[in-house]
Amino acid sequence: MSKDKVETEAKPKGKLKKLLIIGVGAIALIGAGAGAGIYFGALSAHEAKPEDNFPKLVLRSKGEAEPAAEGESGEAPPKVGTVSVPNDRYKVDPRKYEITYYPITDAFTTNLADGSGFLQVGISLSTFYDGKVINNIKRQAVPIRSVVLMVLAEQDPALLSTSQGKQRLQRQLTAAINDVLRDKEGFGGIDNVYFTSLVIQ
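The present account deals with the structure reproduced in this document. Everything numeric in this text was worked out from a predicted model, so none of it was measured.

What counts and how
Residues numbered from 1 in each chain as written. Predicted model: local features only at pLDDT ≥ 70, side-chain atom pairs only at ≥ 80, totals over all residues. Heavy atoms only, no water. Helix = DSSP H or I, 4+ residues; strand = E, 2+ residues; numbered from the N terminus. Buried < 20%, exposed > 50% of the residue type's maximum accessible area, 1.4 Å probe, protein only. Contact = heavy atoms within 4.5 Å. Pairing = 2+ DSSP bridges. Core = buried A, V, L, I, M, F, W, Y, C linked by side-chain atoms within 4.5 Å. Axes fitted to C-alpha atoms, helices over the stretch in contact; angles between N-to-C directions. Parallel < 35°, antiparallel > 145°, perpendicular 65-115°, else oblique. Left-handed = near helix turned anticlockwise from the far one by under 90°.

Here we come to the environment of Ser 126. Along the chain, Ser 126 falls in strand S5 (residues 118-127). Its relative accessible area of 0% is what places Ser 126 among the buried residues. Setting aside its immediate chain neighbours within four residues, Ser 126 contacts Ile 99, Thr 100, Tyr 101, Gly 189, Ile 190, Asp 191, Asn 192 and Tyr 194.

This is the structure:
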């Protein structure tokens, strides 16, 4: 009889132990699930934030045209009415958005591809986006200057003497500068490059 008593007392203790282990395991799984949910929720919120920091298109004002150039303080005038876009390759209607011109102060001078002379170019950049693009240009001035010099050094002077050659160079510079901005800032935003001076010797 004492054996039966021992066996019956041992069974409830074994069941209690199993229930306790299952309970602890369930609590651990719930905790891990909650932790993973919080982690991935914070991660997705963190990933969504940089898109909010992308430049926005600036709507054209309905009244009299205001100058889009920078003011004396060095900051772009405040703009009202901006439009978020999915990326910087968004097709922009120039009739709907303000354009800002940003002159690069120092001219670019380089030897030409065939070694026959040199090329000196002054440029100004245009954008339909807010001041964040201008700030990105200022922040990435060194790599932008480098890529412009590389593109200029590859030019054929005979092609540059034609209007088509100059337009081709504009497109090449626009693409090269946008590539630098996309690589360094995640957003291009340059609509065009304009020549303020161009000397071939």
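Let's shift gears to the pairing of strand S4 (residues 108-111). The alternating pattern of S4 places Phe 108 and Thr 110 on a buried face and Thr 109 and Asn 111 on a face that is not buried. Pairing analysis gives four bridges linking S4 to S5, with the strands arranged antiparallel. Following the sheet pairing, Thr 109 is matched in S5 by Gln 120. Once S4 ends, the chain turns through six residues before running back antiparallel as S5, passing Gly 115 with a positive phi of about 75°.

Turning our attention to the nonpolar core. If you look at the biggest cluster of nonpolar residues, it comprises 33 residues, and the most contacted ones within it are Ile 123, Leu 125, Ile 137, Val 148, Leu 152 and Ile 177. Among the elements of the structure, S5, helix H2 (131-139), helix H3 (141-153) and helix H5 (163-185) are those that each provide at least two residues to this core. In terms of residues, this core owes the most to one element, H5, which gives six residues. When sequence neighbours within four positions are dropped, the list of residues in contact with Leu 152 reads Phe 108, Thr 110, Leu 112, Leu 119, Val 121, Leu 169 and Leu 173.

Right, let's talk about the environment of Ala 176 for a bit. By the element assignment, Ala 176 lies in helix H5. Through-space distance from the C-alpha of Ala 176 to that of Ile 144 is 8.1 Å; in sequence the pair is 32 residues apart.

Next up on the list: the packing of H3 against H5. Direction vectors running N to C along H3 and H5 enclose 150°, while the axes themselves pass 10 Å from each other. With respect to H5, the element H3 is oriented roughly antiparallel. Viewed along their axes, H3 and H5 form a crossing whose handedness is right-handed. Here Pro 143, Ile 144, Val 147, Val 148, Val 151 and Leu 152 of H3 come into contact with H5, specifically with Leu 169, Gln 172, Leu 173, Ala 176, Ile 177, Val 180, Leu 181 and Lys 184.

On their own, these measurements won't tell you what the molecule is for.
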